[in-house]
Structures are given as C-alpha cells and as structure tokens.
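Working through the structure, step by step
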Amino acid sequence: MLQYVWLAIAFPLIGAVVNGLFGRFIKSKLASGVIGCTALGLSFAVALLTWYDYMTQAFTLRESPFYTVTLWPWIHVGDMKIDALLLVDPLSVVMLLFVTGVSFLIHIYSTGYMAHDEGYSRFFSYLNLFVAMMLILCLGGNGAVMFVGWEGVGLCSYLLIGFWYKDMYNANCGMKAFVVNRIGDFGVLIGLFMIMVYFGSLDFTTIFSQAPAVFAAADKWVPLAIALFLFLGATGKSAQLPLHIWLPDAMAGPTPVSALIHAATMVTAGVYMVARLNPIFSANPTAGFVVAVVGCATAFMAATIAMTQNDIKKVLAYSTVSQLGFMFIACGVGAYWVAIFHVVTHAFFKACLFLGSGSVIHGMHEEQDTRYMGGLAKYMKGTYWTFVISTFAIAGIPPLAGFFSKDEILWQVAIWQTRFGWAPSVLWIVALLTAFMTATYMGRVTWKTFLGAPRWKDSFVAKHKHPHESGPAMVMPLVVLAALAVVAGAALFTPVWLGGNKLLEEFLAPSTSIGAAHGAEAAVAEGAVHGGEAVMHAPFVTLGSTEITEIVFAAASVLVALIGLFFIALPLYTKRYGATEALKLRFKPLYTFSFNKWYVDELYHKVIVIPGVAFAYMCWQFFDLRIVDGAVNGVAWVLGALGQGLRPLQTGFVRNYALYLLLGVVLYMLYNLLIQG
Amino acid sequence: MSAIVANSLILSAMLFTIGVLGVMIHRHPVVIFMCIELMLNAANLALIAFNRHHYSAAWPTLDGQVYAFMVIAIAAAEVAVGLAIIVSLFKRRVRVDVDEINLLRG
Amino acid sequence: MNLELLGWWVFAAVAVACAAGMITAKNPVHSALWLVGNFVALAVIYLILSAPVLFAIQLIVYAGAIMVLFLFVIMFFMSPEARTWRQRTLKRQYVVGSALALAFMVLIAWGILRTDADVAFSTQWSEPPQLSNTVTQTKQEAGMGQPRAIGQWLFANDVLPFELTSLLLLLAILGAMLVARDVRSEGREKLPEFAPHYHADAAAGPAAPAAGADAAGKEVQA
C-alpha cells in the first residue's frame, strides 16, 4: 500500500471536483454529503492501510525509515531537479492518520450542521479540496510539494472562511486570513530558496542527510536565517505573534470549518513544518530560543485575551492560538515529538470543543454570545458531556489526553539546555501561568454556557422555548472525539513515573530526532555541560532527584488546572454569576486591554495599513499617472510633434517635390564624393 | 580622359542643371516638358562622350551611341503621349497650371 | 588648340546660351525656338564626338519632329501672352532651387575634374580621333560612328531593344490617339454607351426587341 499512498490525496480531490463541478446538478443534498464523506472515508482507509503497511515493513525499513514515492518529474531546469515526491515516514504517517480521521468525523458532522444551507455541495467541495491540500502538505517529500500544499490550504481557508460571501464582513475576514498568510508565505519562500542554494535540493531526505555537512561548511548565521524565515511562515500559518490576527476573525466561517481548519489541521501545518525541518532548527541554538520565546509569548497573550471574550467561538479561537504557542515552545526546546504529540491530542479535544460549540449555536438557533446562554446542560446532554470532557482535557486533568501532552511540554521546558540560562525557568513559569489561565477561561466558557440559570434572550424563548439537542450526525462525531480525547494521551505516551509508555516518542524518533546528535554537538561546542543524546538533563531546579522534580511539576500543573476550573470559574459563572462585573470595574485597564485583544489590530492599522495605503496612493498619483503615463503619452506627443513639424514639407506642389528630389541627389553625391572617396 | 570627353561631361552636367532649374521654376506643363527634353539631351551627350572615351581598336564598342539612339526614340514616344495628355487638358478648358495640383497638401 | 576643340568650344557656348535662353524666355514660342537652337548645337557636338549618325538623327527627330510637335501644341492652344513663370508663387523655390542646382553642378564638375584636373582646359589631344572619310572600308575598318558600324552593331548586338523600341513607338501612337481624341465628335452610332436614348427612338417603329436586336447587331458589327 505504501506506493499507493497518493490515493489518500486523490480521493478527496476527486470528491472536490465532482461536488464542485457538478454540484448544481446534484439535486439531492444527501448525495453531495455522501460523496464528500465517502471520499474522506476512503482516504482514511488508505491512511490506515498505509500505517499498517509501514508498521509491518518497519523492520526492513529500519535502515532507512524514509520511503519516497515519486509521482512524476516536475521541474527539471538545468541542474535543478524537483520531482513530485511523496515521503512516507513516521511523521507523515502520524499526520496522515489524524488528519484523515478527524476530517472524516467533521465531514459527517457537516452533513448535519450545513443541512439547511444552500451552498451544501460547494461546502463539501471546498472541504474535500482542503483535505487534499493538507495531505499534499503532510505527505510532501520535498519543500516544493509541501509548499504546494501550504498554499493550497491557505486558499481553501480563504474560500471557507468567506463561505457565506454575500456578507461583506465574511469576505473581508477571508481576505484578512489570506493576506496575513501570504506574508508568512514570503518567509517560507525565502527559507526554501536558501535551502536550495545551500543544499542544492529541496528533498527532505537530502536535507536530513546533508544538514551537518552543509552547516559545518557554511557560516554560523545560515541555519539561523533559514530557520527564522521558515518560522515567519509558521507564524503566519499557525497564527503566532505577530501574524496571529487572522485566526479570531476566521471564526466568521461555518463552525465545521473552524473545527477542521483552525483547530485541528491547517494551523498545525506550521508546527509540522518546523518538526519536519528540525535539523535546520536544531543547528543553531538561537533559532530554537526564538521559536520558544515567540511561542510562549503568544500563548500567554492569547490566554489573557480569551479570559474576557464573550463569543464562544472567539474564546476557542484564542485558545487555539494559545495551544499552538505551546506546540512551538516544544519545538523551540528541541522536543519536536512532544509538539507533534500535542498536535494530535489538541486536534481531538479542540475539534470536539468546536463541534460542540457548533452544536450549541445550532441549538440556540445561531446565538453565539455566551452571555445569553446558560442552563443548556439539561437540554443538550450529549453536547454537554463531550464538551466538559474536552474542557478537562485541554485544562490538563489526568488521565485525559491533554495532561500527558501539556505536562510533557512543561517538563521539556524545564530540562531545556540552552546558553540563555534564565530561559527555562522563566518560560516554565509563564507556561504554568498560561496553563492556569487556560483552565480558567475554558471553565468559564463551559460553565457559562451549560450551567447556571438560563439567560436566554426573550425573542429566543418566545420562538423556540428552549434549545434542542442536535441530530445524531452531529452528536456522534462529538462522542468519538471525546473518547479519543480520553484515551489517546495515555495510549501514546506516559511519563516515566507513570509507566513510561514511549510509543509515540520511539515511533517518531527517526523523523524528529535527526538533529539531536548535531544539536548535542553544538551544545558541547557552546560549552554546555552535558553531551550525547538521550541523556536525561537536569531541570532548572532540582528537588531531591530528577524524578521527584518531575512529579512535583506535574502536580503543580494539575493543581493550577483544578483551581482554575473549579475554584475560580465554577462559582463565578454559576452561583455567583454577575460578580465578574465588579471585577471588571476594579481592573478596568486590564480588562479593556484584554478585551480589545491588546490593541494589536489597531496598532497594525496605524503602523502598516495607513502608511501602506498612503504609499500606494503616492505610487498611483506620482509614479503611475505622472511618470509611466507621462512617458507613454510623451512618446505619443513626440511622434505627433514630429509629424506636425514635418507637415510643412507636404506642400502639395509638384515643383517643390522636384526640389526635394534634387536635394536628395545632391546629398547622395556629397556622400559619395566626400565620404566614400 | 581626353579634354573633349571631360569637357563634354561637364557640358552635359551644365545642361542637365539648367534643365532641372527650369523644371523647378516653370508653372506651365509644356515648358516643363521642354526642360525635361533638355535633360534627356544632356544625358545623351554624356552617353556619347563616354562612348568616345572607351572606343579603341581592340574593343570597337558603339554601345553609347546605340543607347543614345534608343533614348531619342523613347523621348519621341514620350513627347507624343505627354502632349496628347496636355492637349486633352486644354480641350476641357482646365486651367493648365502645375500649382493647381495640390490636393495632397498636408 | 585645333579645329575640333575650337569647334567644340563654340558650339558648347551656343548650347549653353540657348539653354539659358530657353528657361528664361517668357513667351512659350520663344522657349521652343531657343530649344531648337540648343538641339542643333548639340547635334554638331555629336558630330565632333565621332557620332555622325546621331548628328543626323538628332537633327531629324529631335529638332525636326519633336520640337515641331511642341510648337504645334503651343501655337494651337496657348495664348501668346501666357506667362509661364515669374508669377509670384513659391518665390523661395527660385532661391533654393538655384542654390541646389548650382551645388549639383559644382559637385559633378568636381567629381569629374578631380580625376584628371589638368585636362579640362587643356589644348592637347591624348588620343587621335577616329574620323574617317568617305573611302569605303571593310567591315572591320568601318570606323567609329559611321552608319555601317551603327547598323552592324544595332542588328548584331542590340536587336531585341531595337524591336522593342519599334513596339514602343506603335504603342505611343495608339496611346496618343486614344488620349487626345474627342469622343463627342466621333458620332453616336459608333459608341452605343453614349447614346442609349438613340436606340430607344429607333426602336419606336417595329417591334422593340427585334429592332433592339437589329440595332444591337449593327452596333456590334460597327
């Protein structure tokens, strides 16, 4: 099955084409939905078969865990050879599995959620296209194919955010997402160009094997530059500082879109890219430092903003930004497999949360403001319980998935070896604070929505009396995802003091620990104390032994999660609802700062948008109108003037023309006699 | 080149120049025509002068004179037709003035 | 200086004077007469340049036929007081034209003279003339420019141009006839396109188609 892995891309592509081109002729909504879901189901089946094949061949592949499938020769120009190449290795297998699986569930969910929408087949077409592009991205065997997928998911994100395009606001949100993404794409392109220059090829296998040699021969700043440019692209795609602004506005799209693209898959593309190109990021310690710091700052900032938002989807959006920050912290400290672990668990519980919010919005008949919800638990049991489970998962309550992944991230930060000695402790404390805030705001949104006294709008009560649970098509995926959120964490990894299940770590090792050896050498070169790989480094503060420190840190994160969830959020939003108003007044500056998203959008508008528009206006008025048009019109004017100037020669008198003849003869004779000799 | 031949060439040039001057100055087509005949004769003179220059016992060429003969014949034909045109202009009582033909004035 | 060169100088001066007179005469008849004089002078110069046949032909054809034609036209159709130049249009033409003509002349003269600058006003021969007398000679000794030599050359070497020239003269006759004819005076019955109503009048008697056919038949034959 390995050589047919491209089928996983082909099925959704076919589904997209069929639904896209013939959608208007398919009168039955059921048919469109079936086409879309079947395509994804087949793709998931291919993913499973590929995984099985890969596992059974793992012994023979152990020499080279990288299995490439060349589809066709693509760009052959001179010495540059870029083929349409797919790479099957542990990392791509993991991505393939959870992308197709979660997408399949969301497709089923969409058949229920979009049932009343007239753009039904268009929706499934775009959704299928998106999955196809995401798989191209994940399965790409060289930077060029990955970039095709990268751009493709950006395009589909734009199409899907602006799905209800008749409303200008939605269209603008789609545009914002695309433009901000584009800025990131510039970074990716420069990074890819630099890779091409220094490596001579964009193939990942080449990069993996040649990285130590190339970076040893090149200047110190080369891997740092490549890494930073690529990370710029990652900030664009994965909504980190400074390009995070598009994700909250992307909530203008339908909720399944938010679940799929902006929670589970597309925004993880940046993390995937960093993990995929980990030799480059590990080559220069400053690169990792930058990534970790940016991720941490983003996580903290997003968490503070999520604390005050009223729209249920916006809270989840900022939560996504925050969790992505965690993933980048993991990448920055060199624990790439942990980042992928968190990607997978986050996909499960965040998708469940988004789909659950969609179910709530559906039940509340398009009401998204949590201030007008409350008391839904009685009427929407399925949604309630899955939502609560996912909330506990994201908060990091053991034994749910989020605990294992987030805790491991914090521990990796603690044992981080970097020459910036203050970094591990500071980052750990900030991350812990962020985890506390995560639990708090997630508890806030959950209890505010489902518990407490109903605060429904009068118009809603008059029309519908009370919310209804959604249909099975929508609830079933919620259940599946919640179940995954429960078991996936422990199944994939448990820390040493809880059994030491290293399934995911060992499986991903060939893909994500490539730079470990080189990083260790660099660390030795930098004068760090420890050397060699797979050594358990010491954390920034040791209480007794390393193991005990680990347990204590884990306990600390669980403690803050419990406090946030049950001792702060629960009472504030159920029994003592309304007490927050006094808090808002007391901490007014903090509140407004958080509520207005740290004024980042306004800052960008003042600093970038207005000068940009002014510059464009100046270019138009001065360069285009006066210089370019002036040149063109000037040429026309010159010709006209020339004609006008020569006009007096056309007298119409034959005698004058005889004179001109004679003049020509005389000139010719002059030329002949004088110049030709 | 002998003196006569060289002088004949210069004479030919002079007559040609006078003919050209006449063409440029006069407004009546008949007179212009006569100046053109003068120019043709100047060319004839040049032809015959060169024939005289190149003739030798080893190569007794008479090309120049025969060509001059042809030129005279052609000039005759040309005069016949040209004057016929001018005559028909006269008969239609059109003003016979070369300066009247200026519709191509730009 | 010998007789020939002297003769040449005399007739050259005559030729130039006649040409100048031709272009400055105000009366067209005077112009034509000056031109005749120019042609006669040129004919003599041809004779001096060993082209007796052309001397004769120039006098007969050019001065005798072409100029007569010109004089016919002038005398029939032009009023004697028609001023052919100095009529106040395009005054600048005179100045510029004269300057250019002078430049032309100077350039040609210089082109010729710079090869053999000393022969222009020399009085020496550099090669003897090939004038022959009336003594009959063999074909090879026929001499330059004599009728026999011209005839031989014309019919041996340049037969094709000769024939074509005769064709050209025929065409010229036809052309002149066609261009200068007066259609109005040639009779309507010969030119049906000019008198359609004439046929309608003639056909008023007997049956129209028959008469029309007869008339048409007569037209075609005529």
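Because the structure is a prediction, the values reported are computed rather than measured.

Along chain C, the regular secondary structure elements total 8 helices and 0 strands. The order of α-helices and β-strands along chain C, N terminus first, is α-α-α-α-α-α-α-α. Considering chain C as a whole, with its 222 residues, one finds that 23% of them fall into the buried category. Taking contacts inside chain C between residues at least 6 apart in sequence as the whole, the part at least 24 apart equals 49%.

The secondary structure content of chain A amounts to 27 helices and 2 strands. Burial statistics for chain A: of 677 residues in total, 51% are counted as buried. At a minimum sequence separation of 6, the contacts of chain A that also span at least 24 residues come to 79%.

What follows deals with the interface of chain C and chain B. With 76 residues of chain C at the contact, the number on the chain B side is 60 residues. Only α1 (3-24), α2 (28-48), α3 (52-77), α4 (91-113), α5 (147-156) and α6 (159-180) of chain C provide two or more residues apiece to the side of chain C that touches chain B. In terms of residue class, the side of chain C that touches chain B is built from 54 nonpolar, 18 polar and 4 charged.

Any residue range with low pLDDT should be treated as having predicted coordinates unsuitable for detailed reading. Residue and element names in this part refer to chain C. With 64% of its residues at a pLDDT of 70 or more, chain C has an overall mean of 75. Here helix α8 (residues 208-221) is the element of chain C with the lowest mean pLDDT, 43, and α2 is the one with the highest, 94. Counting interchain partners and residues more than four positions distant, the pLDDT-below-50 stretch residues 205-222 has 13 contacts. Here the predicted complex carries an ipTM of 0.91, next to a pTM of 0.69.

Let us now look at the interface of chain C and chain A. At the junction of the two partners, chain C supplies 11 residues and chain A supplies 11 residues. Split into classes, the residues belonging to the side of chain C that touches chain A amount to 8 nonpolar, 3 polar and no charged.

This next bit is on the packing of helix α1 (residues 3-25) of chain B against α4 of chain C. Close contact between α1 of chain B and α4 of chain C brings their axes to 9 Å; oriented N to C, the two are set at 165°. On the basis of the axis angle, α1 of chain B is roughly antiparallel to α4 of chain C. Crossing of α1 of chain B against α4 of chain C: the hand is right-handed. Within the contact between the two elements, α1 of chain B uses Ala6, Leu9, Ile10, Ala13, Met14, Thr17, Val20, Leu21, Met24 and Ile25 of chain B and α4 of chain C uses Gln93, Tyr94, Gly97, Ser98, Ala101, Phe104, Met105, Ile108, Ala109 and Ile112 of chain C. Of the residues that constitute the contact of α1 of chain B with α4 of chain C, the class distribution is 16 nonpolar, 4 polar and no charged.

Residue and element names in this part refer to chain A. Among the nonpolar cores identified, the biggest contains 211 residues, and Ile329, Ala351 and Ala485 are the most heavily contacted of them. Element by element, the count of residues in this core is highest for helix α15 (residues 336-363), at 18 residues. For this core, the domains that each give at least three residues are domain 1 (1-141) and domain 2 (142-595). Discounting residues that sit within four places of it in the chain, Ile329 has contacts with Ala292, Gly295, Cys296, Ala299, Ile409, Val413, Leu427 and Ala431.

Here we come to helix α11 (residues 269-276) of chain A. With 8 of 8 residues buried, α11 of chain A lies mostly within the body of the structure. Here α11 of chain A has its buried residues at Ala269, Gly270, Val271, Tyr272, Met273, Val274, Ala275 and Arg276 of chain A.

On to helix α3 (residues 90-113) of chain A. The end-to-end C-alpha distance of α3 of chain A, which contains 24 residues, comes to 34 Å, matching closely the 34 Å that a straight helix rising 1.5 Å per residue would cover. In terms of residue burial, α3 of chain A counts as a mostly covered element, since 23 of its 24 residues are buried.

Let us look at the environment of Asn38 of chain C. Along the polypeptide, Asn38 of chain C turns up in helix α2. A tally of 29 C-beta atoms within 10 Å means that Asn38 of chain C is categorised as buried. Those residues in contact with Asn38 of chain C that lie beyond four places of it in its chain are Leu38 of chain B together with Ala15, Cys18, Ala19 and Met22 of chain C.

Here we come to the confidence of the model for chain A. Per-residue confidence for chain A gives a mean pLDDT of 86, with 95% of residues at or over 70. Predicted confidence for residues 517-535 of chain A stays below pLDDT 50, and this span has 24 contacts to residues more than four positions away or in other chains.

With that settled, consider the packing of helix α5 (residues 143-161) of chain A against helix α6 (residues 168-199) of chain A. Residue and element names in this part refer to chain A. Viewed as axis vectors pointing N to C, α5 and α6 meet at an angle of 170°, and their least axial separation amounts to 8 Å. One finds that α5 runs roughly antiparallel with respect to α6. Together, Gly143, Phe147, Trp150, Glu151, Gly154, Ser157, Tyr158 and Ile161 of α5 and Asn170, Cys173, Gly174, Ala177, Phe178, Asn181, Asp185, Val188, Leu192 and Ile195 of α6 make up the contact between the two elements.

Moving on: the environment of Phe387 of chain A. All names here are of chain A. Secondary-structure assignment places Phe387 in helix α16 (residues 381-395). Take Phe387: there are 28 C-beta atoms within 10 Å of it, and that puts it in the buried class. Residues Phe387 and Gly356 lie 31 residues apart in sequence; the distance between their C-alpha atoms is 6.0 Å. In this structure Phe387 touches Leu353, Gly356, Thr446 and Phe450, once residues within four positions along its chain are discounted.

The next thing to look at is the pairing of strand β1 (residues 67-77) of chain A. Successive side chains on a regular strand alternate, one facing one side of the sheet and the next facing the other. All names here are of chain A. Little of β1 sits inside the fold, with 1 of its 11 residues counted as buried. Relative to strand β2 (residues 80-88), β1 runs antiparallel, the two sharing 9 bridges. Bridged to Trp72 within β2 is Ala84. Between β1 and β2, which follow one another and run antiparallel, lie 2 residues, and Gly78 among them has a positive phi close to 65°.

A word on unusual backbone geometry. All names here are of chain A. Cis rather than trans, the peptide bond between Leu241 and Pro242 has omega equal to -5°. Although it is not a glycine, Glu366 adopts a positive phi angle of roughly 75°. With respect to the helices, strands and loops of the structure, Glu366 is situated in the loop between α15 and α16. Exposure remark for Glu366: the 7 C-beta atoms within 10 Å place this residue in the exposed category.

Rules used throughout
- Residues numbered from 1 in each chain as written.
- Chains lettered and ligands numbered in written order.
- Predicted model: local features only at pLDDT ≥ 70, side-chain atom pairs only at ≥ 80, totals over all residues.
- Helix = DSSP H or I, 4+ residues; strand = E, 2+ residues; numbered from the N terminus.
- Buried ≥ 20, exposed ≤ 12 C-beta atoms within 10 Å, placed from the backbone.
- Contact = placed C-beta atoms within 7 Å.
- Nonpolar A, V, L, I, M, F, W, Y, C, P; charged D, E, K, R; others polar.
- pLDDT = per-residue confidence, 0-100.
- Axes fitted to C-alpha atoms, helices over the stretch in contact; angles between N-to-C directions.
- Parallel < 35°, antiparallel > 145°, perpendicular 65-115°, else oblique.
- Left-handed = near helix turned anticlockwise from the far one by under 90°.
- Core = buried A, V, L, I, M, F, W, Y, C linked by C-beta atoms within 7 Å.
- Domains from an automatic or database assignment.
- Expected span 1.5 Å × (residues − 1).
- Pairing = 2+ DSSP bridges.

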